[in-house]
Amino acid sequence: MAKNDMYFYATLEEAIDAAREVFLADNPGLEADDASVQQLSVQKYVLQDGDIMWQAEFFADEDDVDGECLPMLSGEAAQSVFDGDYDEIEIRQEWQEENTLHEWDEGEFQLEPPLDTEEGQTAADEWDER
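What you see is a predicted model; the values in this text were computed from it and never measured.

J.: Even after reading the chapter, I still don't get the pattern of salt bridges, so can you show me in this structure?
T.: If charged atoms from side chains of opposite charge come close, those side chains can pair. Overall, the coordinates contain three salt bridges when judged by the stated rule. Across the pair Asp17 and Arg20 runs a salt bridge, and its minimum N-O distance is 2.9 Å. Highlighted residues: Asp17 and Arg20, both in helix H1 (residues 12-26), separated by three residues, approximately one helical turn. Under the relative-accessibility criterion, Asp17 is labelled partly exposed at 28%. By relative accessible area, Arg20 is classed as buried at 17%. In this structure, the salt-bridge partner of Arg92 is Glu88, at a minimum N-O distance of 3.1 Å.

Next comes the structure, spelled out in structure tokens:
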């Protein structure tokens, strides 16, 4: 999926549902019950206004993971999420905060704000306050 085709979702559940739909759309003729998923990748974003947004992607092969998100679950764990058998709170708890991307400019994200600019320093101060 091209970067400009990626969408942010307010909840992890919405991101997972959308990822399931994209996976099925990318594999025409495959029914949800027959899908074999080997990888779930997730990305968490903090927007400038403080909103938290999510993205998720499913992959059929662990070796063919070329997406925007970070690999999080594989094998049976990824399949169970695809099948809807998961606890969103548990996935959120497993998320490593140092992998969260922060918006520092319109549509531009990075792991930390650029501290060499006034805007970056302001953003860093705002993130620290949260």
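J.: Can you walk me through the packing of aromatic side chains in this structure?
T.: In this description, a pair of aromatic rings is defined by centroid distance and the angle of the planes. Applying the stated rule across the entire model yields six aromatic pairs. Aromatic side chains Phe8 and Tyr45 sit 4.6 Å apart centroid to centroid with 55 degrees between the ring planes, which places their arrangement in the tilted category. Residue Phe8 is found in the segment before H1, and its partner Tyr45 is found in strand S1 (residues 39-46); the two are separated by 37 residues along the sequence. Exposure remark for Phe8: the relative accessible area of 34% places this residue in the partly exposed category. Through a chain of ring-to-ring contacts, three or more aromatic side chains come together here, namely Phe8, Tyr45 and Phe109.

J.: Explain the pairing of S1 here, please?
T.: Side-chain direction in a regular strand flips from residue to residue, so the side chains alternate between the two faces of the sheet. Of all eight residues making up S1, eight are buried, and the element is well covered by its neighbours. Both faces of S1 are covered, namely the face carrying Gln39, Ser41, Gln43 and Tyr45 and the face carrying Leu40, Val42, Lys44 and Val46. The pairing of S1 with strand S2 (residues 52-59) spans eight bridges and is antiparallel. Paired with Lys44 across the bridge in S2 is Trp54. Sheet topology places S1 next to strand S3 (residues 70-74); four bridges connect them, and they run antiparallel. The residue of S3 that forms the bridge with Ser41 is Pro71. With two bridges joining them, S1 and strand S4 (residues 101-105) adopt parallel strand pairing.

Thresholds, definitions, all that
Residues numbered from 1 in each chain as written. Predicted model: local features only at pLDDT ≥ 70, side-chain atom pairs only at ≥ 80, totals over all residues. Heavy atoms only, no water. Salt bridge = Lys/Arg side-chain N within 4 Å of Asp/Glu carboxyl O. Helix = DSSP H or I, 4+ residues; strand = E, 2+ residues; numbered from the N terminus. Buried < 20%, exposed > 50% of the residue type's maximum accessible area, 1.4 Å probe, protein only. Phe/Tyr/Trp six-rings, centres within 6.5 Å; stacked < 30°, edge-to-face > 60°. Pairing = 2+ DSSP bridges.

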